[in-house]
Every structure is written in C-alpha cells, then in structure tokens.
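The lines below spell out each chain.
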Amino acid sequence: MNSQDKNSAKPADRALDRLLGKAPALEDVSALKGRIMVAAANAQTSATARIITFAHMPVKDDPANMHWGTAALLAASLFIGIWAGASGAADALVSAPLSIAGLDILGDSEFYKSGLSAAEELL
Amino acid sequence: MSDAELLHAIGRSDMAAFGVLLDRYLEHVQMLARRMLGDAGEAEDLAQEVFLKIWKNPDRWQPGRAQFKTWLSRVAANACIDNLRRKKPDELEGEDEPVDPAPGPYDETLNSQLAKRVEAALQNLPARQRLAITLCHYQGYSNKEGANIMQTSSEAIESLLSRARRSLKAMLADDMKALLHDK
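Overview of the structure.

When helices and strands are counted, chain A shows five helices and zero strands. Ordering the α and β elements of chain A from the N terminus gives α-α-α-α-α. Split into buried and exposed, the 123 residues of chain A put 11% on the buried side. Total accessible area on chain A stands at roughly 9,800 Å², and carbon and sulfur atoms take up 66% of it.

Structure below.
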C-alpha cells in the first residue's frame, strides 16, 4: 500500500460503510411472523392426525391369501350343492319339513301341469 | 425467559413461546437471508423454513456448544448457501471479477437507485464474501463470532472481508467518488 492509499484508506472505508448502509431496508416482518405461526400450527395438526391414523389403522392380512381362501370356500359350497341336487340326497331333508307344513310338492306340480294344459286348449 | 427456556417450551408445542422466539430472532434471520439471497420473497421462504425446522426439532440446539443466536445464524447461513448452490452451482467456488452494476434509468429517486446499486454490488460478491460482510457489517458480529458462525478461522474471515470490501469499492467506485467529493 503506497502513501496515497494509506491516506485515502480511512475516508474510503467510511464512504463504503455509508454506501453499504444504503442497501434496501427490510420489509416489515409481522406478516411473515403470522404466516410462520400458521404453518407451525398446521405442521402440528398434521403430525397429530398422522399419529391417530396410524394408531387406528387395522392390520390387514395378505390380500392374495384372502382371495384364494374365499374362492375355495365358494367353489366347495357350489360343488356340494350340485352333488346334493343331482343325487337326491337332500330330497328327504326338503320333503320332511314340507310334509309337516301340509304342502304336497307332487300335487302342486300336477295342479300346475293341468292348469297349463287348460290354457293351451284355450289358445 | 431465556432462549433455553423458550426452546424447552417449544419442545412441548408451546405456540406462545414460539411467538416470542420469532419476535426475538425473525428479523435477524430475515436480514441475513435478504442480504444473502437478494430477493425479499426467497428470504421470507428461507426464514420460514429455518423457523419451522426449529419448531419441529427444538432439541437440535445444544446449549453448551454455542449461544442460540450464533447457532441460529449458522443454520440460516447454511440454508442460504444451500439455496445459492441449488440456484447457481458455480457461484460458491467462483472468484471471478464481479460484473459492474451499472446504474439504471433515473426515473426513480436517487436513494432508491443507489440502494439498488449497493444491492447489486452485494449480490455480485462470491457467496462466502457476501456472508462475511452480512455477518460482520450488517449483523454486527465480531470477526471471531463471524468466523465461528462460518466455521472458519479468524484469519480466513478477515481475508474474506478484505476481498469483499475491495470488490465493493471497485463496483461502487462512482458512488464512492461522489460521496467523497460531497464531503
């Protein structure tokens, strides 16, 4: 630093300090404070909601296993139904309560058949 | 209420304590971000981000290691550096000659024009020089405190300040001359 620089150093530094003081002033931070408070409250609410959701979330089985189990049960009941109907194994089970109730399946069938014949004759 | 007590209360989700903390330090963080980023909107976003981190994790500050204000300034400064790195990856390493912030059209008041030129000159400094000037000139930290916040040595921050002031004098030469002439 030469002698001229030394002489001008202090005024130049003071001038620079004054210039730096001219930088744009800060905006009012009260609105920003409000926004931060709201964001903090929201962050707290969402954190609480997340905890509740997790606490009440039901434990699920593996969905793939559930589908296979349900399908197997439905298939088994279908086969039992077809076998029971085809073999007549369930007829005794069905006719017994109908007899007790005073209903005659065979008689009803003949009645409907004769009704049908009369209608055919009319046509 | 001390800073430690405030942070303890914030740990219990005490909104009133958080409000007191904002009253105490929001302007400080906002000023740092404004000088570093050069944009009021971005500075507000950054200040919000910093304080929300404190709200969520108040125990991140360890009282025995640094004063809260020093720690907060470091958190804000690091957030500013990260922000600048995302925006302009080259700026942090670059020590290029700064661009001359040419005066704009004289359709506004002289003070407003001067403020813009000073702002532009600050923004043309490399990020670490700008941070050193922000901490030690605008925020009133000593060189030692500034070095602590920037996690560097006192010699390094003195060097940063010296280079920053030299660059600023060059960039604002015309205004400096006018100021010295008026005197």
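The helix and strand inventory of chain B stands at nine helices and zero strands. For chain B, the sequential pattern of α-helices and β-strands runs α-α-α-α-α-α-α-α-α. The proportion of buried residues among the 183 residues of chain B is 49%.

If you look at the interface, chain B gives 37 residues, while chain A gives 27 residues. Carbon and sulfur atoms make up 71% of the area that chain B and chain A hide from each other, which totals about 3,100 Å². Of all residues in chain B, B:Met15, B:Arg165 and B:Leu179 give up the largest surface area on contact with chain A, accounting jointly for 17% of the area buried on that side. For A:Arg35, the salt bridge is made with B:Glu44, and the minimal N-O distance between the two is 2.3 Å. Across the contact surface, chain B and chain A share eight residue pairs in polar contact (both at pLDDT 80 or more). Listed by contribution, the elements that provide at least two residues to the side of chain B that touches chain A are α2 (15-37), α3 (40-56), α5 (110-124), α6 (127-138), α8 (154-171) and α9 (173-182) of chain B. For the side of chain B that touches chain A, the element with the most residues is α2(B), which contributes eleven residues. Considered class by class, the residues forming the side of chain B that touches chain A number 20 nonpolar, six polar and eleven charged.

Before going further, it helps to examine the environment of B:Ala170. All names here are of chain B. For Ala170, the location among the structural elements is in helix α8. Residue classification places Ala170 among the exposed positions, given a relative accessible area of 56%. When the C-alpha atoms of Ala170 and Ala121 are compared, they prove to be 9.4 Å apart, with 49 residues separating the residues in sequence.

Another aspect to go through is helix α7 (residues 143-150) of chain B. Residues and elements named next belong to chain B. Regarding α7, the residues found buried are Gly146, Ala147, Ile149 and Met150. In a view along the axis of α7, the buried residues occupy a sector of 160 degrees, so they form one face of it. Considering only its buried residues, α7 is in contact with α4 (68-87), α6 and α8. Where α7 ends, the next residue or the one after it, Gln151, has phi of about 55 degrees, a positive value.

For the rest of this paragraph, the subject is the side chain of B:Glu119. Take B:Glu119: it is sitting in helix α5. Exposure remark for B:Glu119: the relative accessible area of 9% places this residue in the buried category. Among all residues touching B:Glu119, those that are not within four sequence positions of it are A:Pro24, B:Arg34, B:Arg35 and B:Gly38.

Residues and elements named next belong to chain B. This model, assessed by the stated rule, comprises four aromatic pairs over all chains. Ring plane angle 35 degrees and centroid distance 5.8 Å describe the contact between Phe68 and Trp71, whose orientation is recorded as tilted. Residue Phe68 and its partner Trp71 are both found in helix α4; the two are separated by three residues, about one turn of the helix. Pairwise contacts between aromatic rings join Tyr25, Trp61, Phe68 and Trp71 into one cluster. One Lys or Arg, Arg35, reaches over the ring of Tyr138 and ends 4.5 Å from the middle of that ring.

Together, A:Leu78, A:Phe79 and A:Ile82 make up an exposed nonpolar region whose accessible area comes to about 350 Å². For A:Phe79, a relative accessible area of 60% corresponds to the exposed category.

Another aspect to go through is the packing of α4(B) against α6(B). Any two packed helices are characterised by the angle at which their axes cross and by the distance between the axes. Residue and element names in this part refer to chain B. At a minimum axis distance of 11 Å, the contact between α4 and α6 shows a crossing angle of 150 degrees. The angle between α4 and α6 places the two elements in the roughly antiparallel class. Crossing handedness for the pair α4 and α6: right-handed. Residues Ala77, Ile81 and Leu84 of α4 form the contact with α6, whose participating residues are Ala127, Arg130 and Leu131.

Conventions adopted
- Residues numbered from 1 in each chain as written.
- Chains lettered and ligands numbered in written order.
- Predicted model: local features only at pLDDT ≥ 70, side-chain atom pairs only at ≥ 80, totals over all residues.
- Heavy atoms only, no water.
- Helix = DSSP H or I, 4+ residues; strand = E, 2+ residues; numbered from the N terminus.
- Buried < 20%, exposed > 50% of the residue type's maximum accessible area, 1.4 Å probe, protein only.
- Areas by Shrake-Rupley, 256 points an atom, 1.4 Å probe, with all protein chains shown as cover.
- Contact = heavy atoms within 4.5 Å.
- Buried area = accessible area lost by both parts, 1.4 Å probe.
- Salt bridge = Lys/Arg side-chain N within 4 Å of Asp/Glu carboxyl O.
- Polar contact = N/O pair within 3.5 Å; in protein donor to acceptor, adjacent residues only side chain to side chain.
- Nonpolar A, V, L, I, M, F, W, Y, C, P; charged D, E, K, R; others polar.
- Arc of directions from axis to C-beta.
- Phe/Tyr/Trp six-rings, centres within 6.5 Å; stacked < 30°, edge-to-face > 60°.
- Lys NZ or Arg CZ within 6 Å of the ring centre and 35° of its normal.
- Patch = residues over 30% accessible without salt bridge, like charges linked within 9 Å, V, L, I, M, F, W, Y side chains within 5 Å.
- Axes fitted to C-alpha atoms, helices over the stretch in contact; angles between N-to-C directions.
- Parallel < 35°, antiparallel > 145°, perpendicular 65-115°, else oblique.
- Left-handed = near helix turned anticlockwise from the far one by under 90°.

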